[in-house]
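# Descriptive analysis of the structure
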Amino acid sequence: MMGSGQAVAVYGAYGHTGRFVVAELQDRGFVPVLSGRDAGKLEALAASFPGLDVRPASVDDPASLDRALAGTAAVINSAGPFAATAAPVIEAALRAGIPYVDVAAEIEANADTFAHFAERARAAGAVIVPAMAFFGGLGDLLATAAMGDWTAADEAHVAYALSSWHPTAGTRAAGTVSRDRRDGRRVRFTNGKLEYHQDALPSLKWTFPEPMGVRPVIGEFSMADVVTIPSHLAVPEVRSYMTVEAVEDLSAPDTPAPAAADERGRSDQTFLVDVVVRSGGAERRATASGQDIYAISAPLAVEAVRRVLTGQTRTTGVASAGEIFDAADFLRALSAHLSFELRQ
C-alpha cells in the first residue's frame with residue numbers, strides 16, 4: 001500500500017475540502033485521523049468512514065491539538081479561515097515533530113506562515129508546506145515547471161479559466177477575513193513585493209490553449225500564487241487572471257455552494273490553469289486542467305504528504321510546493337486527477 005498504513009491527522013476533516021482529503025488519504029493507503037472543532041460534525045463524518053479515530057480539538061486549546069496529533073506521521077490542515085487555524089496547528093505540528101501541510105488560499109495567512117515560522121522550522125529541520133491546494137500550490141508547481149532551467153524571469157502570469165465558481169461557506173468566510181485584514185483594499189505582487197491598492201481591476205482578454213481560446217478575464221485577480229511563487233523564484237512581477245463568469249459567480253451573494261455531480265462528490269465545475277513565464281523576449285508555458293477546484297486540493301495535499309514522508313523533498317523549513325518538490329514530476333504523478341502539459 002502506498003501510504004503503508006501511516007496515520008495522518010486531518011484538521012477540519014468535516015469541511016468541504018476536508019472530506020475530499022480524508023477520502024484521498026484512504027484511497028492511498030493512509031489512515032486518516034479525524035479532527036476539528038465540532039465534535040458532532042466529526043461523529044457524523046465518522047459514520048461515513050467507519051473505524052476511523054475521532055479527536056475533537058480546538059485551536060485555542062493546545063493540549064487538545066497535541067492529543068489530536070499524537071502518534072500521527074503528518075497533519076493536513078483544511079480548516080479555514082487559516083488566519084485563525086494555521087499558526088496554532090503549525091505550533092502543534094512542531095511540538096509533535098511532524099510535517100504540516102495546509103490548503104490555505106488566504107494571501108495574508110500564507111504570508112504570515114512564511115514570516116513567522118521560516119527560521120524556527122529551518123532550525124528544527126521541520127517541513128511546513130502552506131497553500132498546498134488549487135490556489136497557491138498548483139500555480140507555483142506550474143510556474144516552477146515552466147521555468148525549467150531558468151534561474152530568474154521577468155514576469156509570471158497565472159490565468160484561471162473556471163467553468164463556474166460555486167464558493168463553499170469556507171471560501172466566503174475566508175474572503176471576508178482577508179478583506180477585513182486589508183481594509184477592503186486589493187493586493188498585487190509587483191516590483192518584488194506585495195502592494196495594497198484601491199485601483200479597479202482591469203478587464204482583459206487571455207488566450208487560453210485551444211479549444212478554449214480567447215476569453216475575457218479580470219486582471220490582477222490575486223490569489224495565493226502571489227505568495228508561493230516569489231517565495232523561491234526570482235520573479236519580480238506575478239500576475240493572475242480569472243475568467244469573468246467565475247468572478248461574477250464568486251461575487252454574487254446568492255451563488256449556491258458546490259453540488260456533487262459524481263460518486264466522489266465532485267461538482268461538475270471544470271478548470272484550466274495556464275501559466276506563462278517571460279524572460280526577455282522568451283516565453284515558457286505550463287497548463288493543467290481538471291474537475292472541481294476543491295476536490296483537486298486533496299490529491300495535491302496528499303501527494304505532498306506522501307513525498308515528504310518518503311524523503312522526496314529538496315529542502316526543509318517553510319517551503320511552497322515548487323521549492324520543496326520536483327514540480328514537473330509532482331504534476332505528472334497526479335495524472336489520474338489532472339492533465340498537465342509543458343509547452344516550452
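In short, a report on the structure. What you see is a predicted model; the values in this text were computed from it and never measured.

### What about the sheet that holds strand E5 (residues 100–102)?
Spatial strand order, E3-E2-E1-E4-E5-E6-E15: seven strands in an open sheet with parallel pairing. Edge strands, defined here as strands with exactly one partner in the open sheet, are strand E3 (54–56) and strand E15 (317–318). Where strand E4 (residues 74–77) lies against E5, three bridges are found, and the strand directions are parallel. Looking across to E5, one finds that Ile76 is bridged to Val101.

### Some thoughts on the environment of Ala63
By the secondary structure assignment, Ala63 is in helix H3 (residues 62–69). Remark: the alpha-carbon pair of Ala63 and Ala92, spanning 29 residues in sequence, is separated by 8.7 Å.

### Quick word on H3
If you check which residues of H3 are buried, you get Ser64, Leu65, Ala68 and Leu69. One face of H3 carries all of its buried residues, which in axial projection span an arc of 130 degrees. Each element contacted by the buried residues of H3 is listed here: strand E1 (7–11), strand E2 (31–36), E3, E4 and helix H4 (82–96). Of the residues flanking the end of H3, it is Gly71, one or two places downstream, whose phi is positive at about 75 degrees.

### What to know about the side chain of Asp140
Looking at the element boundaries, Asp140 is found in helix H6 (residues 134–147). One buried charged residue, Asp140, forms no salt bridge at all, with the nearest opposite charge on Arg314 at 10 Å. Contact partners of Asp140, with chain neighbours within four places excluded, come to Asp225, Thr228, Ile229, His232, Leu233, Ser320, Ala321, Gly322 and Glu323.

### Observations concerning the pattern of salt bridges
One pass over the full model with this rule turns up 22 salt bridges. Glu108 serves as the salt-bridge partner of Arg182, at 2.7 Å between the closest nitrogen and oxygen. Placement of Arg182 in the loop between helix H7 (169–181) and strand E8 (186–190) and of Glu108 in helix H5 (residues 107–124) is noted, with a sequence separation of 74 residues between them. Taking the relative accessible area as the measure of exposure, Arg182 reaches 12% and is therefore buried. As a salt-bridge pair, Arg188 and Asp199 come within 3.1 Å of each other at their nearest N and O atoms. Taken together, the residues span a long stretch of sequence, with Arg188 in strand E8 and Asp199 in the loop between strand E9 (193–197) and strand E10 (203–207) at a distance of eleven residues. Note on Asp199: relative accessible area 38%, which makes it partly exposed. Each of the salt bridges in this network shares a partner with another, and the network as a whole consists of Arg28, Glu303, Arg306, Arg307 and Asp329.

### Quick notes on H7
Along its 13 residues, H7 runs 19 Å from first to last C-alpha, staying within 8% of the 18 Å computed at 1.5 Å per residue. Taken from the residues just after H7, Asp183 is the one with a positive phi, measuring 50 degrees.

### A few points about the layout of surface pockets
Put simply, the second largest pocket is a space of about 310 Å³. Every residue lining the second largest pocket is counted, 18 residues in all, and those nearest its centre are Phe20, Ala23, Arg264, Gly265 and Arg266. Of all the secondary structure elements, the ones that give two or more residues to the lining of the second largest pocket are helix H1 (16–27) and helix H10 (297–309). It is H1 that provides the largest number of residues to the lining of the second largest pocket, a total of five residues. Looking at side-chain class alone, the lining of the second largest pocket contains eight nonpolar, five polar and five charged residues.

### Points about unusual backbone geometry
Here the residue pair Gly80 and Pro81 is connected by a cis peptide bond, since its omega of -10 degrees sits within 30 degrees of zero. Take Pro81: it is sitting in the loop between E4 and H4. Put simply, Glu210 and Pro211 share a cis peptide bond, and its omega is 10 degrees. At Asp183, a position not held by glycine, the phi torsion is positive, near 50 degrees.

Reading the values: rules and limits
- Chains are numbered independently. Their residues run from 1 in the order of the written sequence.
- With pLDDT at 70 or above as the cut-off, local features in this predicted model cover only qualifying residues; side-chain atom pairs require 80 or more to be listed or tallied, and sums for whole chains, interfaces and linings still use all residues.
- In computing side-chain values, all of the structure's heavy atoms are included and hydrogens and water are not.
- Pairing between two strands requires that DSSP report at least two bridges joining them.
- Only DSSP runs of H or I covering at least 4 residues are called helices, and only runs of E covering at least 2 are called strands; the numbering of each starts at the N terminus.
- Exposed residues in this analysis have more than 50% of their type's maximum accessible area, buried residues have under 20%, and partly exposed residues fall in between, with area computed by a 1.4 Å probe over protein chains only.
- What the arc covers is the set of directions going from the helix axis to the C-beta atoms.
- By definition in these notes, contact holds between two residues if any of their heavy atoms fall within 4.5 Å.
- Lys and Arg are tallied as positive, Asp and Glu as negative. Neither His nor the chain termini are counted.
- For salt bridges, the criterion is a side-chain nitrogen of Lys or Arg within 4 Å of an Asp or Glu carboxyl oxygen.
- How far a helix is expected to stretch is found by multiplying one less than its residue total by 1.5 Å.
- Using a grid of 1 Å spacing that covers the protein atoms alone, one calls a set of points a cavity when a 1.4 Å probe fits there but cannot get out, and a pocket when the set is open and has protein on both sides within 12 Å along at least five of seven lines; lining residues are those with an atom within 4 Å of a point.
- Grid points are joined across faces, edges and corners, and a volume is the space filled by probe spheres set on the points.
- Three classes are used, and their members are as follows: Ala, Val, Leu, Ile, Met, Phe, Trp, Tyr, Cys and Pro are nonpolar, Asp, Glu, Lys and Arg are charged, and the others, Gly among them, are polar.

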